[in-house]
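Chain by chain, the residues run as shown.
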Amino acid sequence: MSDLHQPILEWYDEHARELPWRGPQASPWSVMVSEFMLQQTPVGRVLPVHEEWLRRWPTPADLAAEPTGEAVRAWGRLGYPRRALRLHAAATAIVEQHDGAVPSSYDELKALPGIGDYTAAAIASFAYGRRHVVLDTNVRRVLARTIQGVELPSTAVTKAEREVATEVLPEDDATAATWAVAVMELGALVCTAANPRCGACPVAGLCAWRAAGRPAYDGPPRKVQTWAGTDRQCRGRLLAVLRDSDGPVHRSALDAAWSEEGQRIRCLASLIEDALVVHAGADTYALP
DNA sequence: TAGACGTGGAA
DNA sequence: TTTCCAAGTCT
């Protein structure tokens, strides 16, 4: 048993946030919806949307029965709206292939649209108490610091990194599942990327990075996301017009949302290609 | 495997 | 004001 286990498990027991997708009352579907929404989106912005989704669509079948456009609209401003499409597609697959119940195995989950390694492990672990290596950015950062002694993990998950995560995973399913969420929570609340609160950390005394004097990140430059003027910004503007409209909108409304014509046309075409937008009629567009 | 893919809050 | 980035996935 790793020396990290007990302090982190005890810390989690005392400091864990109460979130609607946690605890015994949360359904696997609630967990699944939260995991989709939390992919690259902060908890605070997910909270109200998740509540609305679970109220409106308490089961996968409820969502699957809706047009995909309703999922896109209800996604609101969470960002990366293709996640709404994939969640809808996953719900449809669950109805057709799993009798409407969120599957419990990693392999079955991984086969669903929008579910990669992290999300499959997270749902299996958090919703069903299975033992899995749950390797998200928080866990990677905590292990990079406490064990490897570096400020931040590499860009991509390495084999060695996964081996370390496997080695520190508790043996039994229940403890492994709690461990997974506990390490994530520690990374989210204490061992944060920018200003870690080592004074509040239960394993500060065991941390290799702290012992080394908290050396600054010394790896390849991390890519900076440009934003202004990008296709992503343009697509976001166009989709927002449709999302905020009850029905189809005329082309002129989209023209007003983005002045650069070539880019606007290209982005509208890509939104249609992605099935986030449909050509509703002569010069009118709508959510699918 | 590097790049595309939204959004808004914090420093 | 600008930069960074938050529970990733897909191609």
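Residues numbered from 1 in each chain as written. Chains lettered and ligands numbered in written order. Predicted model: local features only at pLDDT ≥ 70, side-chain atom pairs only at ≥ 80, totals over all residues. Heavy atoms only, no water.

- You'll find chain A entered in an unreviewed UniProt entry as Adenine DNA glycosylase, with Nocardioides mangrovi given as the organism.
- What UniProt states about chain A under its Cofactor (unreviewed entry) heading is, verbatim, "[4Fe-4S] cluster".
- Per UniProt, chain A carries the Catalytic activity (unreviewed entry) text "Hydrolyzes free adenine bases from 7,8-dihydro-8-oxoguanine:adenine mismatched double-stranded DNA, leaving an apurinic site." (UniProt positions renumbered as here; feature names shortened; annotations may be inferred.)

### With respect to the UniProt feature "domain: HhH-GPD" (unreviewed entry) in chain A
Part 1: As annotated by UniProt and renumbered to match this structure, "domain: HhH-GPD" (unreviewed entry) occupies residues 37–189.
Part 2: Annotated as residues 37–189, this span is 65% helix and 0% strand, and its ends, taken at the C-alpha atoms, are 19 Å apart. (Helix = DSSP H or I, 4+ residues; strand = E, 2+ residues; numbered from the N terminus.)

### Describing the protein's contact with DNA strand B
Part 1: Taken together, 17 residues surround DNA strand B, and among them Arg45, Arg77, Pro81, Arg232 and Arg235 come closest.
Part 2: Backbone atoms, meaning sugar and phosphate, make up 59% of the atoms of DNA strand B lying within 4 Å of the protein.
Part 3: In this structure, a base nitrogen belonging to DNA strand B sits 3.1 Å away from a main-chain N or O atom of Gln40.
Part 4: In this structure, Arg82 approaches DNA strand B through a side-chain N or O atom, which is 2.9 Å from a sugar or linking oxygen.
Part 5: Of all the secondary-structure elements, those providing two or more residues to the surface near DNA strand B are helix H6 (82–97) and helix H13 (231–243).
Part 6: Examining the composition of the surface near DNA strand B, we find that five residues originate from one element, H13, more than from any other.
Part 7: Considering only residue class, the surface near DNA strand B consists of four nonpolar, five polar and eight charged. (Near = heavy atom within 4 Å. Polar contact = N/O pair within 3.5 Å; in protein donor to acceptor, adjacent residues only side chain to side chain. Nonpolar A, V, L, I, M, F, W, Y, C, P; charged D, E, K, R; others polar.)

### With respect to the pairing of strand E2 (residues 278–281)
Part 1: Of the strand pairs in this sheet, E2 and strand E3 (residues 284–286) are connected by three bridges, and their pairing is antiparallel. From the neighbouring strand, His279 faces E3, where its bridge partner is Tyr285.
Part 2: As consecutive antiparallel partners, E2 and E3 are separated by two residues, and within that stretch Asp283 has a phi angle of approximately 60°, a positive value. (Pairing = 2+ DSSP bridges.)

### A look at the environment of Leu169
Part 1: Within the secondary structure layout, Leu169 lies in the loop between helix H10 (159–167) and helix H11 (173–189).
Part 2: Of the residues examined, Leu169 reaches a relative accessible area of 7% and is grouped as buried.
Part 3: Expressed as a C-alpha distance, the spacing of Leu169 and Pro196, which sit 27 residues apart in the sequence, is 23 Å.
Part 4: Ignoring anything within four residues of it in the chain, the contact list for Leu169 reads His5, Arg131, His132, Val133, Ala176 and Trp179. (Buried < 20%, exposed > 50% of the residue type's maximum accessible area, 1.4 Å probe, protein only. Contact = heavy atoms within 4.5 Å.)

### What about the packing of helix H9 (residues 137–148) against H11?
Part 1: At their nearest, the axes of H9 and H11 sit 8 Å apart, and the two run at 80° to each other. One finds that H9 runs roughly perpendicular with respect to H11. In this structure, H9 contributes Asn138, Val139, Arg141 and Val142 to the contact, and H11 contributes Ala180, Val183, Met184, Leu186, Gly187 and Ala188.
Part 2: Classifying every residue of the contact of H9 with H11 by side-chain character gives seven nonpolar, two polar and one charged. (Axes fitted to C-alpha atoms, helices over the stretch in contact; angles between N-to-C directions. Parallel < 35°, antiparallel > 145°, perpendicular 65-115°, else oblique.)

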